[in-house]
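One-letter residues, chain by chain:
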There are 2 protein chains.
Amino acid sequence: MVMDFSQIRRNEHLPARIASQIGREISEGRIAPGEKLPTEHILAKTFGVSRSVVREAIAQLRNEGLVETRQGVGAFATDFEHRQSIRIEQGNLADHASFQSLFQLRLPLEIEAAGLAATNHTAEDLMKLDEALEQMTGGEKWTEKGVLADLAFHRQIAASTHNEYFLLFLGFIAERIHLAINMAREAAVLTEIVEVTIAEHVAIRDALASRDPIRAREAMRHHLHGAASRLDLQLKVY
Amino acid sequence: MVMDFSQIRRNEHLPARIASQIGREISEGRIAPGEKLPTEHILAKTFGVSRSVVREAIAQLRNEGLVETRQGVGAFATDFEHRQSIRIEQGNLADHASFQSLFQLRLPLEIEAAGLAATNHTAEDLMKLDEALEQMTGGEKWTEKGVLADLAFHRQIAASTHNEYFLLFLGFIAERIHLAINMAREAAVLTEIVEVTIAEHVAIRDALASRDPIRAREAMRHHLHGAASRLDLQLKVY
DNA sequence: TATTGTACGGTTGTCTGATAACCTTATATG
DNA sequence: CATATAAGGTTATCAGACAACCGTACAATA
């Protein structure tokens, strides 16, 4: 019996790979916006998979806003301006330049958030902030738990703005950055700088507590630039 | 013959509604992070639909990072820190406070983008910027085309940072804001203020062209505050 | 001619049942 | 005790069918 390996290799999650392949066709313009995709039957034949898989792939693209489907008519590519969601591929951040770009995006958001939080935070917010801070200064210092506390600290600042979108976006970005840092973490280097980092966090916390947005922004700016230089990033700043 | 209407009403997109229902169970904590969801068979029985529909719903949740599936084991709710994508529900922005929050988020990003663009833009970027500007000042002024040109202008600034994430995030945010504005647009009011808006855009463009990041940031800040007050938004600013 | 009604083919949406791949657990085996 | 094997459950994929819906062509009608 002769095997046919010309079709897609089926080692992991068929629909996702087919979705990304069709997605690439659209992103790179081989399927123009508004143009109709081949029918599910044809796509199934083309990729050598069943229609279920094709349907799941198209459903995924629809969720991302890359295609729209109309029953009885077909599936159509949409122009990329009205995507429904933002997604960052995991692998992208391995690249140093890309990581730096994301950090550069984070900068103004965190600073603004610090200012807003200084104005808008409640007593409960401040309490949670102190909790996170305590976790960082606790005995175990820079274990995984310490890193998580760092994350929680910044997350709590975003929450203290009482602006849902700051929480949504900053939480998302911070999580990506955290993952990337973990990937390339040198424990030895980090243990040395814990004290500095904690001191910076305390400065932010105190500025917040005194409800001084200007000082909070400055403290956050200082902290992020410190963090960036520790991570060997060159950021533009004005 | 007796009809059975107890099950889900099937007027539009079954999987999406089931996905949002399961998603709500997770978001509101009735299914804890890490906890296992019911099997597809059981879910299908529960909702009174076929397993295909349930599978498509779960696939959607997996895309959003709300659940993870392991073949042979089951589907599990994930804690919301590692969601894979950001999404803003359409209806949310109808609310004035929510719209204002999003605009507040946009503010620091646009300003930072203007500064970065002033430093990083190429000759080609400037050309495209001028194109968009020309479309705005063209005869038809504040038609739909004019609004699109406005969008394109800001999009081009984001692109001129040569930071992929600024383009991604700002493009996404600006698109939402544009949609919201369109929903509640008063043509009469807008036509009066076209001249002002265009003048502000020109100021940004000139600052960019002279590669002066400080001035570019100021011009953008001024423009956004003007736009905000025209839209009757109260933004915090420092 | 212009409009309306209708039948038809094509496409997506949903259903059903079956098989494959995979994991966990229990049981047997050395 | 450690390892191998069997069993059962769950997701992944497949295949084929019917339902819902759309667009078009064409006939019927005014």
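Our subject is the structure listed above.
Residues numbered from 1 in each chain as written. Chains lettered and ligands numbered in written order. Predicted model: local features only at pLDDT ≥ 70, side-chain atom pairs only at ≥ 80, totals over all residues. Heavy atoms only, no water.

**Student:** What's the story with the overall build of chain A in this structure? I'm lost.
**Tutor:** Across its full length, chain A carries nine helices and three strands. When the helices and strands of chain A are listed from N to C terminus, the series reads α-α-α-β-β-β-α-α-α-α-α-α. Expressed as a percentage of contacts within chain A between residues at least 6 apart in sequence, the contacts between residues at least 24 apart total 69%. Surface summary for chain A: the accessible area is close to 12,000 Å², and the carbon and sulfur share equals 55%. (Helix = DSSP H or I, 4+ residues; strand = E, 2+ residues; numbered from the N terminus. Contact = heavy atoms within 4.5 Å. Areas by Shrake-Rupley, 256 points an atom, 1.4 Å probe, with all protein chains shown as cover.)

**Student:** Explain the interface of chain A and chain B here, please?
**Tutor:** Often, the extent of an interface is quoted as the loss of accessible area upon association of its parts. Every contact between the two is made by 48 residues of chain A and, on the other side, 48 residues of chain B. Counting the surface lost from both chain A and chain B, the interface buries some 4,500 Å², and carbon and sulfur atoms represent 58% of this. If you look at where chain A meets chain B, you find four salt bridges. A salt bridge links Glu-56 of chain B to Arg-55 of chain A; its shortest N-O distance comes to 3.6 Å. Counting the contacts that link chain A with chain B gives ten residue pairs in polar contact (both at pLDDT 80 or more). Elements represented by at least two residues in the side of chain A that touches chain B include exactly α3 (51-63), β3 (85-87), α4 (96-120), α7 (164-183) and α9 (213-230) of chain A. A per-element tally of the side of chain A that touches chain B places α4 of chain A first, with 13 residues. Broken down by class, the residue content of the side of chain A that touches chain B amounts to 20 nonpolar, 15 polar and 13 charged. Sheet topology places β3 of chain A next to strand β3 (residues 85-87) of chain B; three bridges connect them, and they run antiparallel. (Buried area = accessible area lost by both parts, 1.4 Å probe. Salt bridge = Lys/Arg side-chain N within 4 Å of Asp/Glu carboxyl O. Polar contact = N/O pair within 3.5 Å; in protein donor to acceptor, adjacent residues only side chain to side chain. Nonpolar A, V, L, I, M, F, W, Y, C, P; charged D, E, K, R; others polar. Pairing = 2+ DSSP bridges.)

**Student:** Explanation requested: the relation of the copies chain A and chain B in the structure shown.
**Tutor:** The relation between the two chain copies is a rotation about an axis coupled with a shift along that axis. Superposition of chain A onto chain B requires a rotation of 180° combined with a translation of 0.0 Å along the rotation axis, giving an RMSD of 0.1 Å. A rotation of that kind, with that shift, is consistent with a two-fold axis. By C-alpha distance to the rotation axis, the residue of chain A lying nearest is Ile-86 of chain A, at 2.4 Å. Take the interface residues of chain A: 100% of them recur as interface residues in chain B, which is what a same-surface contact looks like. (Least-squares fit on C-alpha atoms with pLDDT ≥ 70 in both.)

**Student:** Just checking my understanding: could you explain unusual backbone geometry for this structure?
**Tutor:** Most peptide bonds adopt trans geometry, and most residues besides glycine take a negative phi value. The backbone phi angle of His-162 of chain A is positive, close to 55°, even though this residue is not glycine. The class for His-162 of chain A is partly exposed, based on a relative accessible area of 48%. (Buried < 20%, exposed > 50% of the residue type's maximum accessible area, 1.4 Å probe, protein only.)

**Student:** When you look at the protein's contact with DNA strand C in this model, what are you seeing that I'm missing?
**Tutor:** For DNA strand C, the set of nearby residues contains 23 residues, the closest of which are Arg-51, Arg-55 and Gly-72 of chain A together with Ser-50 and Val-53 of chain B. Within 4 Å of the protein, the atoms of DNA strand C are drawn from sugar and phosphate moieties in a proportion of 66%. Glu-40 of chain A has a polar backbone atom sitting 3.2 Å from a phosphate oxygen of DNA strand C. The contact in question runs from a base nitrogen of DNA strand C to an N or O atom on the backbone of Gly-72 of chain A, over 3.0 Å. Among the secondary structure elements, those contributing two or more residues to the surface near DNA strand C are α3, β1 (67-70) and β2 (74-77) of chain A together with α1 (14-27) and α3 (51-63) of chain B. Split into classes, the residues belonging to the surface near DNA strand C amount to seven nonpolar, nine polar and seven charged. (Near = heavy atom within 4 Å.)

**Student:** Looking at this structure, I do not really get the pattern of salt bridges. What am I missing?
**Tutor:** It is possible for side chains bearing opposite charge to pair when their charged atoms get close. Taken as a whole and judged by the stated rule, the model has 26 salt bridges over all chains. Here Asp-212 of chain A ties to Arg-215 of chain A by a salt bridge, and the two come within 3.8 Å at their closest N and O atoms. One salt bridge connects Arg-51 of chain B with Glu-40 of chain B, and the closest N-O pair in it is separated by 2.6 Å. Remark: Glu-40 of chain B occurs in helix α2 (residues 40-47) and Arg-51 of chain B occurs in helix α3; sequence separation between them is eleven residues. Residue classification places Glu-40 of chain B among the buried residues on the basis of a relative accessible area of 18%. When salt bridges with common partners are traced through the structure, they connect Glu-40, Arg-51, Arg-55 and Arg-62 of chain A together with Glu-56 of chain B into a single cluster.

**Student:** Help me understand the packing of aromatic side chains, please; the structure alone is not making it clear to me.
**Tutor:** One pair of aromatic rings is described through two measures. These are the centre distance and the angle between the planes. In the structure shown here, the tally under the stated rule is three aromatic pairs over all chains. Above the ring of Phe-103 of chain A, the side-chain terminus of Arg-106 of chain A is found at 5.3 Å from the ring centroid. (Phe/Tyr/Trp six-rings, centres within 6.5 Å; stacked < 30°, edge-to-face > 60°. Lys NZ or Arg CZ within 6 Å of the ring centre and 35° of its normal.)

**Student:** Sorry, what's going on with the nonpolar core here?
**Tutor:** One broad rule of soluble globular proteins: the nonpolar side chains tend to lie buried together. Among the nonpolar cores identified, the biggest contains 83 residues, and Ile-157 and Phe-169 of chain A together with Ile-157 and Phe-169 of chain B are the most heavily contacted of them. Contacts of Ile-157 of chain A, omitting those with residues within four sequence positions, involve Ala-113, Ala-114, Ala-117, Leu-129, Ile-204, Leu-208 and Met-220 of chain A. (Core = buried A, V, L, I, M, F, W, Y, C linked by side-chain atoms within 4.5 Å.)

**Student:** Explain the packing of α4 of chain A against helix α4 (residues 96-120) of chain B here, please?
**Tutor:** For any two helices packed against each other, the geometry comes down to the angle between their axes and how far apart the axes lie. One way to put it is that α4 of chain A packs onto α4 of chain B with a least axis distance of 9 Å and a crossing angle of 135°. In terms of their interaxial angle, α4 of chain A and α4 of chain B are classed as oblique. Between α4 of chain A and α4 of chain B lies a crossing whose hand is right-handed. Only Gln-104, Leu-105, Leu-107, Pro-108, Leu-109, Glu-112 and Leu-116 of chain B of α4 of chain B make contact with α4 of chain A, whose side of the interface consists of Gln-104, Leu-105, Leu-107, Pro-108, Leu-109, Glu-112 and Leu-116 of chain A. (Axes fitted to C-alpha atoms, helices over the stretch in contact; angles between N-to-C directions. Parallel < 35°, antiparallel > 145°, perpendicular 65-115°, else oblique. Left-handed = near helix turned anticlockwise from the far one by under 90°.)

**Student:** Is there a simple way to explain α1 of chain B in this structure?
**Tutor:** Note on helix geometry: an α-helix contains 3.6 residues per turn, so any two residues three or four positions apart are oriented the same way. Residue and element names in this part refer to chain B. Across its 14 residues, α1 extends 20 Å between first and last C-alpha, which sits within 8% of the 20 Å expected from 1.5 Å per residue. For α1, the set of buried residues is Leu-14, Pro-15, Ile-18, Ala-19, Ile-22, Gly-23 and Ile-26. Taken around the axis of α1, the buried residues stretch over an arc of 155°, which confines them to a single face. For α1, the elements touching its buried residues are α2, α3, β1 (67-70) and β2 (74-77). (Expected span 1.5 Å × (residues − 1). Arc of directions from axis to C-beta.)

**Student:** Can you walk me through the packing of α4 of chain B against helix α10 (residues 213-230) of chain B in this structure?
**Tutor:** Residues and elements named next belong to chain B. Contact pair α4 / α10: the axes reach a minimum separation of 8 Å and the direction vectors enclose 150°. One way to sum up the angle between α4 and α10 is to call them roughly antiparallel. Note that α4 runs across α10; the crossing there is right-handed. Between α4 and α10, the residues in contact are Phe-103, Arg-106, Leu-107, Glu-110, Ile-111, Glu-112, Ala-114, Gly-115, Ala-118 and Thr-119 and Pro-213, Ala-216, Arg-217, Met-220, Arg-221, Leu-224, His-225, Ala-227 and Ala-228, respectively. Among the residues making up the contact of α4 with α10, the classes are represented as eleven nonpolar, three polar and five charged.

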